[in-house]
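Commentary on secondary and tertiary structure
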Amino acid sequence: MALLEVKNLEVSFALRHGDLVALNDVSFTLDKRERLGVVGESGAGKSVTGFAVINLISKPGRITKGEILFDGKRLDQFSEHEMRSIRGNHISMIFQDPMMTLNPVLTVGTQMVETLRAHRKISKAEAEKIAIKKLELVHIPSPERRLSQYPHEFSGGMRQRIIIAIALLTDPAIIIADEPTTALDVTIQAEIMDLLLELCDAQDMALMLITHDLGVVAEVTERVMVMYAGKVIETAKTIDLVRNPRHPYTKGLINALPGHGECDQENRLQQIPGTMPNLTEIAPGCSFHPRCDYCQDICRSTVPELRQIGESKERWVSCHLVGKGQL
Amino acid sequence: MFAFIVRRIIQATVVMLVIGFIGFSVKHQLGDPVRDLVGISVSIEEREALRQELGLNDSFLVQYGRFLKNAMHGDLGYSFFYKRPALDVIFDKAPATIELVFAASLIILLISVPVGLYSAIYPKRFFSKFAMGVSIVGVSIPVFLTAIVLIYVFAVQLHWLPSYGRGETVDVFGWESGLLTIDGLRHLVLPSIALSSIMLPLFIRLIRSEMMEVLETEYIKYAWAKGLSRRRIWMVHAFKNTLLPVITVGGVQLGILIAFTILTETVFQWQGMGFMFLEAVERSDTALLVAYLVVVGALFVVVNTVVDIIYGLINPTVTVASR
Ligand SMILES: Nc1ncnc2c1ncn2[C@@H]1O[C@H](COP(=O)(O)OP(=O)(O)OP(=O)(O)O)[C@@H](O)[C@H]1O
Ligand SMILES: [Mg+2]
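Residues numbered from 1 in each chain as written. Chains lettered and ligands numbered in written order. Predicted model: local features only at pLDDT ≥ 70, side-chain atom pairs only at ≥ 80, totals over all residues. Heavy atoms only, no water.

The subject of this paragraph is the overall build of chain A. If you tally the helices and strands in chain A, you get 12 helices and 12 strands. Since a compact globule built from 327 residues should have a radius of gyration of about 20 Å, the 21 Å found for chain A is in line with a globular shape. Based on the C-alpha atoms only, the size of chain A along its principal axes is roughly 65 × 50 × 40 Å. The buried share among the 327 residues of chain A stands at 54%. Considering only intrachain contacts with a sequence separation of at least 6, the fraction spanning at least 24 residues in chain A is 64%. A total accessible area of about 14700 Å² is found for chain A, and carbon and sulfur atoms account for 49% of it. In chain A, 37 side chains carry a positive charge and 42 a negative one; their mean positions are 4 Å apart. (Helix = DSSP H or I, 4+ residues; strand = E, 2+ residues; numbered from the N terminus. Rg over C-alpha atoms; globule rule 2.2 N^0.38 Å. Buried < 20%, exposed > 50% of the residue type's maximum accessible area, 1.4 Å probe, protein only. Contact = heavy atoms within 4.5 Å. Areas by Shrake-Rupley, 256 points an atom, 1.4 Å probe, with all protein chains shown as cover. Lys, Arg positive; Asp, Glu negative; His and termini not counted. Charge placed at Lys NZ, Arg CZ, Asp CG, Glu CD.)

Written out as structure tokens, the structure reads:
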């Protein structure tokens with residue numbers, strides 16, 4: 001049994017002019033210690049997927065269909081109170097922008113201790129001891145002193161290390177990292193990513209890495225799920241997906257990577273023409289068809305199912321044409 | 001801290017100089033100290049001689065200089081009505097006003113914080129909508145109307161509370177306090193409610209809108225993601241950040257509250273500086289008017305300094321010194 005299993009998840013935002021379906025029939029699994037990448041362009045629904053797992057979708061959004069199973073338990077049916085014992089305890093999140101994530105008026109120590117004490121019955125002193133240990137793990141020098149400092153006394157990279165340390169406090173089973181390095185200086189992005197991976201390995205944690213950078217996903221994840229307009233359109237072992245993308249959209253993404261596919265000098269970053277549709281105005285049929293080079297009649301009329309393709313059990317694609325001799 | 005104090009003193013000095021200048025200009029234009037000093041029977045020649053003697057024919061600047069010099073020695077002129085130094089008169093009246101402002105601020109604090117937070121957290125609930133509606137209406141009701149309604153209902157009709165005067169007061173080291181007797185406190189109720197009603201709606205709305213903004217931030221979402229309790233998120237994470245802008249605005253508003261005591265004290269015959277000020281205007285007691293301006297200006301500076309210190313204590317990114 002997978003550690004986390006999401007089945008047919010639907011998330012809607014109740015907007016004034018009707019419901020906006022942000023996630024439509026999203027299913028995936030995450031095993032113990034596994035590293036899953038979630039990619040897709042802006043607005044595809046990656047963050048909503050991450051937050052849905054801990055039932056923390058911002059208003060007016062909510063889960064309207066589907067199941068979320070963690071350790072066999074239906075998280076989607078948990079009460080707010082029960083959910084609180086999961087969040088930050090068994091499933092930790094790392095947000096995108098470390099400059100915005102920590103509370104500016106509370107010391108780092110307070111923000112670490114409160115997290116531990118929300119989930120464990122321990123004293124402040126014990127909590128501080130654990131906090132110091134975790135800060136050492138993320139290579140923060142002289143952590144005892146740092147506990148009494150405020151977020152603004154740290155650089156962006158340091159803050160993201162602290163946020164990683166906070167995520168580690170309770171030894172969670174899963175870390176959901178939503179673009180953990182995008183807001184950082186390019187020079188330290190790799191450093192932070194390496195640290196995160198090293199710690200996930202050392203602490204037996206599964207990682208759900210949300211990003212729109214397929215390059216990062218190719219380097220660090222074992223499996224990847226490609227999202228488009230609120231749907232999973234392809235999922236596979238990372239290595240297979242990068243070497244042999246099947247969905248036309250994924251092909252486009254891979255070709256856009258430097259040093260891949262049809263990428264030549266003149267056309268160094270091949271972009272997929274067009275933009276992702278607004279979720280309120282999705283055309284009938286396959287949501288990608290207006291941008292697809294291979295588009296046929298069936299694509300305009302019928303929504304494709306996510307189907308298993310080829311010999312690998314891990315490879316699923318949502319395209320009418322794949323595996324039918326056409327693609 | 002030292003730099004902060006020095007800067008504060010310089011700021012205060014500049015503010016006081018400006019207020020002093022305004023006060024003096026008023027006095028220079030309106031007041032006729034000769035009239036204050038002599039009776040009708042004194043002839044025009046004698047008056048002119050007195051003017052010369054008092055230096056009233058000197059240039060404006062020379063007179064201003066003299067005014068400043070005297071002010072430094074605590075001499076803001078002589079009230080011809082009370083036949084006492086103006087500053088002494090003010091100091092006798094100040095406790096009444098300060099206690100009134102203090103009580104009104106307390107009421108504002110105790111009501112606006114819970115109501116503002118509640119209506120930010122539950123904006124759709126009936127009580128929140130009700131509070132918002134009332135506060136919209138409340139902003140536009142003038143203070144004397146509130147005061148008259150309060151007097152009519154609670155004093156005239158119900159006979160629950162006294163409607164004028166300070167009641168029984170106790171002398172505490174020269175400070176005439178009405179806070180220590182039941183009678184004094186009973187007298188304080190209606191005036192302080194009337195005074196607080198000016199700012200209360202504004203504070204409720206301010207706290208609500210700041211809190212709502214804070215609740216949308218990333219760090220609050222992160223706090224939820226850490227599995228903290230609602231209480232902790234609302235009362236510690238969100239409230240502390242809400243307080244910062246509220247304190248900044250609050251400091252200024254508290255100063256304005258002092259100005260509003262003039263109206264409130266008059267309606268309730270409250271023997272404070274505001275009541276005295278209106279009387280002084282009627283009597284053209286210019287020395288008293290100037291002294292009032294200077295003392296209120298000084299109060300302003302003190303209040304703002306205290307507010308800045310509190311702000312610095314809550315906001316770690318602003319060291320007190322840099323404000
Ligand atoms: N608070 C909200 N109110 C209304 N709609 C929302 C809200 N949050 C998200 N959505 C909708 O959900 C869609 C998916 O948003 P999401 O944040 O998951 O995108 P993303 O894939 O994470 O994009 P990005 O790469 O920009 O972070 C958005 O296109 C938007 O239409
Ligand atoms: Mg996102």
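What follows is about the confidence of the model for chain B. Should the pLDDT be low somewhere, the predicted coordinates at that spot are not to be read in detail. Residue and element names in this part refer to chain B. Predicted confidence across chain B gives a mean pLDDT of 85, with 95% of residues reaching 70 or more. Averaged pLDDT values for the elements of chain B fall to 65 in helix α2 (residues 33-37) and rise to 96 in helix α9 (residues 218-225). At the level of chain-chain contacts, confidence expressed as ipTM amounts to 0.91, with global pTM at 0.86. (pLDDT = per-residue confidence, 0-100.)

This part takes up the site of ligand 1. Residue and element names in this part refer to chain A. What surrounds ligand 1 is a group of 17 residues, the closest being S42, G43, K46, S47 and V48. Elements with a minimum of two residues in the shell around ligand 1: β1 (4-15), β2 (18-30) and α1 (46-53). The biggest single contributor to the shell around ligand 1 is α1, with 3 residues. For the shell around ligand 1, the per-class residue count stands at 7 nonpolar, 6 polar and 4 charged. (Near = heavy atom within 4 Å. Nonpolar A, V, L, I, M, F, W, Y, C, P; charged D, E, K, R; others polar.)

Another point: the interface of chain A and chain B. Counting residues at the interface gives 27 residues for chain A, matched by 20 residues for chain B. Interface area for chain A against chain B, summed over the two sides, is near 2200 Å², with a carbon-plus-sulfur share of 62%. Looking at the side of chain A facing chain B, the largest losses of area belong to A:R84, A:V105 and A:E114, adding up to 27% of the total buried there. Remark: the boundary between chain A and chain B carries 2 salt bridges. Among the salt bridges present, the one from B:K226 reaches A:E114, with a minimum N-O distance of 2.9 Å. Those elements giving two or more residues to the side of chain A that touches chain B turn out to be α2 (80-84), α3 (98-101), α4 (108-119) and α7 (156-168) of chain A. Among the residues forming the side of chain A that touches chain B, the class breakdown is 14 nonpolar, 9 polar and 4 charged. (Buried area = accessible area lost by both parts, 1.4 Å probe. Salt bridge = Lys/Arg side-chain N within 4 Å of Asp/Glu carboxyl O.)

On to unusual backbone geometry. Residues and elements named next belong to chain A. Residue P60 follows K59 across a cis peptide bond; omega there is 0°. At S142, a position not held by glycine, the phi torsion is positive, near 35°. If you trace the backbone, S142 turns up in the loop between α5 (124-137) and α6 (143-146). Assessed through its relative accessible area of 33%, S142 is described here as partly exposed.

Looking now at the side chain of A:S287. Secondary-structure assignment places A:S287 in the loop between α11 (248-256) and α12 (297-301). Those residues in contact with A:S287 that sit more than four places away from it in its chain are A:Y228, A:A229, A:P277 and A:I282.

With that settled, consider the sheet that holds strand β10 (residues 231-237) of chain A. Backbone hydrogen bonds are what pair the strands of a sheet, in a parallel or an antiparallel way. All names here are of chain A. Overall, mixed pairing links the 8 strands, which are arranged β6-β7-β8-β3-β9-β10-β12-β11 in an open sheet. Edge positions in the sheet fall to β6 (91-94) and β11 (307-308), since each of these pairs with one other strand and no more. Bridge count for β11 against strand β12 (residues 316-317) is 2 bridges, and the pairing is antiparallel. Bridge assignment links Q308 to a residue of β12, and that residue is W316. (Pairing = 2+ DSSP bridges.)

Residues and elements named next belong to chain A. With 5 of its 5 residues buried, strand β8 (residues 206-210) lies for the most part within the structure. As defined by bridge partners, strand β3 (residues 35-39) adjoins β8 across 4 bridges and the pair is classed as parallel. Note that in β8 the partner of R35 across the bridge is L207. Here 5 bridges tie strand β7 (residues 174-178) to β8, and the two strands are oriented parallel to one another. Looking at β8, one finds that D178 is bridged to I210. What joins β7 to β8 is helix α8 (residues 186-202), and the crossover it makes is right-handed. (Right-handed = clockwise from strand over helix to strand, strands pointing away.)

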